[in-house]
Amino acid sequence: MAPDSDRNRRAFLRLLLSSPLFAYGASLSAALQDDFVITRPEQAINVMEFEAAARKALPPGHWGYLATGVDDEETLKANREGYSHFQLRPRRLVDTSKIDMSVDLFGTQWETPIALAPCGTIFHPEGAYAVARAAQTRKALTIVASGQEEQRPIETVMKARGGPVWYQLYASNDFDDTLKTVKRVESAGTPVMVWTVDTLPGTNRETTQRLRRIDTRDCKSCHTTDPRTGRPGGEFRSNTVTWESMRRLRDATKMKVLIKGILTSEDAELCVQYGADGIIVSNHGGRSAETGRASIECLTEVVQTVRGRVPVLVDGGIRRGTDVFKALALGARAVLVGRPYQWGVSAFGQAGVEAVLSILQNELHVVMSQCGTRSIAEIGPNSIVRRS
Ligand SMILES: Cc1cc2nc3c(=O)[nH]c(=O)nc-3n(C[C@H](O)[C@H](O)[C@H](O)COP(=O)(O)O)c2cc1C
C-alpha cells in the first residue's frame, strides 16, 4: 500500500486537473505558444491567424490549391514584402472622431474600400453563399468567380448578399461561347463584370501538384487524384484571346467591364483605349506568371498612365489595414483580398469571413486615425513615403 504522503499527493493532483483553474492555465500556456491555432474566429487578433486554422481544417490537396503560387513562389512572397517598401507618415492633432471609409465605385457607395476577390473554389459547403452573407453583414463588395457561378447562379448569390455582386469572367478561345455567358449574367442584373486575363497562357503551380501527390481523395473541384496528371513545367494553354476580344466584349454588353491582371503601363493604356471601365492591378495572388514583382510595385506605373480616366484597384498580399492604406495612398480606388477570407471561410464558414473583414476594417480605421485622414479622399501621396 502507498504511504499516506503519496496518496495525498495523487489526490491533490487529481483535484488540480479537474479544477477550472487548471483548464484556464492550460489554455493560457497554449495561447502563449507559437503553434497556437485559433478554434473560434473571435480568438483571432489579426487575419494571418486564420491561415493555420484553415491549414488544420483542410486536407492537403485543398490546402495546396489555396496556398500555391507558381514556380519558386517569388511573386507570392514579393506581394507580401512589397508593402514593407512603403512607410507611413502619421499626422498629429487632427479631429478624427468621425472617420468615413466609404468609396464610390461606378455610382454605388460602398462603406469600405476592402472587397472580396473572386476565388474559383470555396472550401465550405455553403460556398459563395457563405461569402455573400458575410459581405452583407460587413457591407463589403464581393466578386463571384466564374467557377463559383457554375455551381450557384449569380441571381441566388445576389439574394444571399441582399444586393448587387460583381461577376468575374474567364474567356475561352471559343469567344462566342464566352459571349453567351456574358449575356446570361447581364440578364441576371449583374452591374459589373471583371474579366481576368492573367491565366490565359497557362500557369505552373507546384505547391498544388506537390500536395495533391499525398492526397488520395477524389475531389475534382480543385485537384485530380491521379498524380500522373501533374505536368512538370506547368500547364501551357494555346491562347488566341487578344485585345480584339476586348473590343467584342465591349460591344456585347452594357455592364461595366474591368480588366483584372494588369501589371504594366503599356497594358494599362490599352485597357483605356479598348474601352475598359476600370483596371485591377493583380498577379492573381502570385498564381499566374512568376514575375517576381509585387502587385503594389506595379500600381504606380498603372495609376500614372491612366491619369484618372478609369478607377484602378489592386490586390495581392494585402493582410493589414496599413497595406490597404498604402495601396489607397498610391492611387488605388479600392482593394481586394483573396486568401485571408479563403482561410476564414475554410475554417469557420460565414463567421470566418466576417471576422476577417471586421479585423481589416478595424485596422484601416486605426491607421486612418493615426495618419489624420478622415476620409479616403484625404489619403494621398503625402500619407506615405518609399523606404529609402
Ligand atoms: C484559391 C484561390 C482561387 C482563386 N481563384 C480565382 C478565380 O477563379 N478568378 C480570379 O480572377 N482570381 C482568382 N484568384 C485570385 C484572386 O482573385 C486574387 O487576385 C488574389 O487571391 C489576391 O491575392 P491574395 O490572395 O494575396 O489576397 C484566386 C486566388 C486564390 C488564392
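A.B. asks: Can you explain the packing of aromatic side chains? Please cite residues and give values.
C.D. replies: Tallying each qualifying case throughout the model produces 5 aromatic pairs. Each ring, one from Phe50 and one from Phe348, has its centre 6.0 Å from the other, and the planes form 80°; the classification is edge-to-face. Here Phe50, found in helix 3 (residues 49-57), pairs with Phe348, found in helix 15 (residues 339-348); they are 298 residues apart in sequence, far enough to count as distant. Above the ring of Tyr129, the side-chain terminus of Arg152 is found at 5.2 Å from the ring centroid. The cationic tip of Arg287 hangs over the ring face of Tyr65; the distance from NZ or CZ to the ring centre is 5.0 Å.

A.B. asks: Give me the lowdown on helix 5 (residues 74-82), citing residues and values where you can.
C.D. replies: Buried residues of helix 5: Thr75, Leu76, Ala78, Asn79 and Gly82, and no others. Buried positions in helix 5, seen along its axis, are confined to an arc of 165° and lie on one side of it. The elements touched by buried residues of helix 5 are helix 4 (60-67), strand 1 (86-88), helix 13 (295-306) and helix 15.

A.B. asks: Help me get a handle on the packing of helix 14 (residues 321-329) against helix 16 (residues 350-370), residues and values and all.
C.D. replies: Two elements in contact, helix 14 and helix 16, have axes separated by 7 Å at closest approach and are oriented at 60°. Of the possible angle classes, the one that applies to helix 14 and helix 16 is oblique. Once helix 14 is placed against helix 16, the crossing between them reads as right-handed. Facing Gly321, Thr322, Val324 and Phe325 of helix 14, the residues of helix 16 in contact are Leu360, Glu363, Leu364, Val367 and Met368. Here the residues of the contact of helix 14 with helix 16 sort into 6 nonpolar, 2 polar and 1 charged.

A.B. asks: So what about the pattern of salt bridges? Which residues, and what values?
C.D. replies: Taken as a whole, this structure holds 16 salt bridges when the rule is applied. Put simply, Arg40 and Glu42 hold a salt bridge, and the shortest N to O gap is 3.3 Å. The partly exposed category is assigned to Arg40, whose relative accessible area is 44%. The shortest N-O distance in the salt bridge between Asp177 and Lys180 comes to 3.9 Å. You can see Asp177 and its partner Lys180 sitting in helix 9 (residues 175-187), 3 residues apart, about one turn around the helix. Here Lys180 falls in the exposed class, since its relative accessible area comes to 58%.

Reading the values: rules and limits
Residues numbered from 1 in each chain as written. Predicted model: local features only at pLDDT ≥ 70, side-chain atom pairs only at ≥ 80, totals over all residues. Heavy atoms only, no water. Phe/Tyr/Trp six-rings, centres within 6.5 Å; stacked < 30°, edge-to-face > 60°. Helix = DSSP H or I, 4+ residues; strand = E, 2+ residues; numbered from the N terminus. Lys NZ or Arg CZ within 6 Å of the ring centre and 35° of its normal. Buried < 20%, exposed > 50% of the residue type's maximum accessible area, 1.4 Å probe, protein only. Arc of directions from axis to C-beta. Contact = heavy atoms within 4.5 Å. Axes fitted to C-alpha atoms, helices over the stretch in contact; angles between N-to-C directions. Parallel < 35°, antiparallel > 145°, perpendicular 65-115°, else oblique. Left-handed = near helix turned anticlockwise from the far one by under 90°. Nonpolar A, V, L, I, M, F, W, Y, C, P; charged D, E, K, R; others polar. Salt bridge = Lys/Arg side-chain N within 4 Å of Asp/Glu carboxyl O.

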